[in-house]
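Analysis of the macromolecular model
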Amino acid sequence: MSFKKVILFIHRWLGFITGLVVFIVSTTGCIFCFQDEIQDAVHSWRKVAPVERPYLEPSVLKSIALSKYPGASANYTYYFGIDRPASVIAYVPQKGFTYIYLNPYTGQVLHIEGIKDNFFMVIEDIHLYLLLPDKIGSLVVGIAVILFVLIMITGIILWWPKRKTDRKRSFTIKWNGRWRRVNYDLHNVLGFYATSIVIILAITGLGIDFNWMDKGIYKVANLGQTYASETRIFKSDSLFKLAIKDKPVVDRAFLIAEKQSPQAQMFLIGEDNTAAGVINITAYSQSLHFGNSDFFIFDKYSGKLMQYLPNTKKSLGMKLNDLNYDIHVGQALGLFGKLTAFLASLICASLPVTGFIIWLGKKKKPKPAKAVAHRRLHKQLQHK
C-alpha cells in the first residue's frame, strides 16, 4: 500500500470508530458555548440589584440554604458578582447536589435546582461523560478526542494539494458545483480551517477532564519545572480546634480575601470538613470567568492565612491551567472567542456526517466500463 492509502485507511476507520462520539461531543459543545448568555436572557433570578453594602457573610448564606434541607451538608459557596446571586452548593440525601441561589445582600432564596434540573448541566454531562458513569464516560470521550485530533491531521495530509496551482482552488468551497462536490469541499476545506482551533479545544478539554493532561500543560509551559508554592498541600493544625468566637473562621477568611483582592468580581469558598482540612478561597478577576485568579488557603481552626498566591506570582503553567475552561469555551477572548469556539464545534459536528456521505458516495459509485471488462478478462484467463 502507498503512503496515501495507509493514511486514508487510518483516517477512514478512525472516523468510523469515533464518528458518533465526536458528533455528540461537538454538538453539545456548540450548545454550551453561549450558555451564560442564554440563561441570563431566560432566567430573571440570575440577576440582582446591586446594593452599596457588603455581602452577607458565607456562614449566614450557608445557614439559610441548609435550613431548607435539614440533614444536608454544604462545602462550597459562590459569590458570582455584585449584580448576581450567590450560590450554596449543598449535598442533599436522596436528591444529590443541589444549587441554592440567594440574594447576597438580603439572603432571600431566589432559586433552587438539582444538578440534573438545569438543561445546560445535562448538556455539560453529555459533553463530558455521554451520560455514562463519570470514569467510563470520560475515558470514552477522551479516547475519541485524541483519535479525532489524529483524524484531523491525517485529513490535512490527504487533502493538501500537490501542485501550487491547485492550492487556491483547494482553499475555497465550490458552491456552484454539484451537491457531492459541495459536500466534499465542506468536509475538506472547513476541516482544514478548523484544525488549529480544534486542537486547542481538544487539549483544553482533555486538561479539564484528565489530570495527566493538566500536569502536561503545566510542565510544558514551565519548561519542565515544578514550583513548590503551587503544588504544596496544606493541612490545618488539628490540635488547635478552638476558633475565635467573635466571628466564624470562614467569615473572617472571606473578609481578608476581599481586602487582599479588591479587584475581584467573583469568589469561590471551599470548606474541607475533614479533621486536617483547610478553607480555600479563589478570587476571580471577572464574573463567570475562571482564569486570572488569586488563591488563598486558611487554617480552618485559627483562621491563619497559610498561603496567598496572587495571579501575578503564578507560573505560566498554572495560569494556563486556570484558563483551561475559559479557553475551551472561547470566553477568554470575549464574544469573538465564543463565536470561534461555536463555529469550530459546529464544523467538528459536521465532519463525521460529510465524511460518511463521501464514503457512501464512493461505495455506490459505478465502476468504469474498462476496469470491469479488464477484471472479467482476468478472471476468464484464470479459469483456463
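Scroll up to find the structure this text is about.
Values in this document were obtained by computation on a predicted structure and should not be read as measured data. (Residues numbered from 1 in each chain as written. Predicted model: local features only at pLDDT ≥ 70, side-chain atom pairs only at ≥ 80, totals over all residues. Heavy atoms only, no water.)

Regarding the overall build of the protein
- In terms of regular secondary structure, the protein is built from 14 helices and 8 strands.
- Since a compact globule built from 384 residues should have a radius of gyration of about 21 Å, the 27 Å found for the protein marks it as more spread out than a globular shape.
- Projecting the C-alpha coordinates of the protein onto the three principal axes gives extents of approximately 100 × 45 × 40 Å.
- In the protein, which comprises 384 residues, the proportion classed as buried is 43%.
- A separation of at least 24 residues holds for 57% of the contacts in the protein among residues at least 6 apart in sequence. (Helix = DSSP H or I, 4+ residues; strand = E, 2+ residues; numbered from the N terminus. Rg over C-alpha atoms; globule rule 2.2 N^0.38 Å. Buried < 20%, exposed > 50% of the residue type's maximum accessible area, 1.4 Å probe, protein only. Contact = heavy atoms within 4.5 Å.)

Points about the packing of helix α7 (residues 179–209) against helix α8 (residues 211–221)
- The N-to-C vectors of α7 and α8 enclose an angle of 120 degrees; their axes lie 5 Å apart at closest approach. With respect to α8, the axis of α7 lies oblique. As for the relative orientation of α7 and α8, their crossing is left-handed in sense. Along the contact surface, α7 presents I203, L206, G207 and D209, while α8 presents N211, M213, D214 and I217.
- Looking at side-chain class alone, the contact of α7 with α8 contains 4 nonpolar, 2 polar and 2 charged residues. (Axes fitted to C-alpha atoms, helices over the stretch in contact; angles between N-to-C directions. Parallel < 35°, antiparallel > 145°, perpendicular 65-115°, else oblique. Left-handed = near helix turned anticlockwise from the far one by under 90°. Nonpolar A, V, L, I, M, F, W, Y, C, P; charged D, E, K, R; others polar.)

Digging into the nonpolar core
- In terms of nonpolar packing, the biggest core is built from 28 residues, with Y79, F254, F267, I269, I279 and I281 touching the most fellow members.
- For this core, the secondary structure elements donating two or more residues are α3 (58–66), β1 (73–79), β2 (86–92), β3 (96–102), α10 (249–260), β5 (266–271), β6 (278–284) and β7 (293–299).
- Element by element, the count of residues in this core is highest for α10, at 5 residues.
- Every residue in contact with I279, bar those within four places of it in the chain, is listed here: V249, V250, I269, G270, F296, I297, F298 and K300.
- Counting residues in each nonpolar core, the second largest holds 11 residues, with W45, F80, Y101 and M121 among its members. (Core = buried A, V, L, I, M, F, W, Y, C linked by side-chain atoms within 4.5 Å.)

Some remarks on the side chain of Q39
- Secondary-structure assignment places Q39 in helix α2 (residues 35–42).
- Sequence-distant contacts of Q39, that is, excluding residues within four places in its chain, are made with R46, N118 and F120.

What about the pattern of salt bridges?
- What the rule picks out here adds up to 10 salt bridges.
- Among the ionic contacts, a cluster of salt bridges with common partners joins D36, D40, R46 and R84. (Salt bridge = Lys/Arg side-chain N within 4 Å of Asp/Glu carboxyl O.)

Focus on the pairing of strand β4 (residues 109–114)
- The pairing of β3 with β4 spans 5 bridges and is antiparallel. Bridging from a neighbouring strand, I100 pairs with I112 of β4. (Pairing = 2+ DSSP bridges.)

Section: the packing of helix α1 (residues 3–33) against helix α5 (residues 134–159)
- Where α1 contacts α5, the axes come no closer than 8 Å and their chain directions differ by 140 degrees. It follows from the interaxial angle that α1 and α5 lie oblique. Crossing angle aside, the handedness with which α1 passes α5 is left-handed. Where α1 approaches α5, its residues F3, K4, I7, L8, I10, H11, L14, G15, T18, V21, V22 and V25 are matched on the opposing element by V140, V141, A144, L147, F148, L150, I151, T154, G155, I157 and L158.
- Among the residues making up the contact of α1 with α5, the classes are represented as 17 nonpolar, 5 polar and 1 charged.

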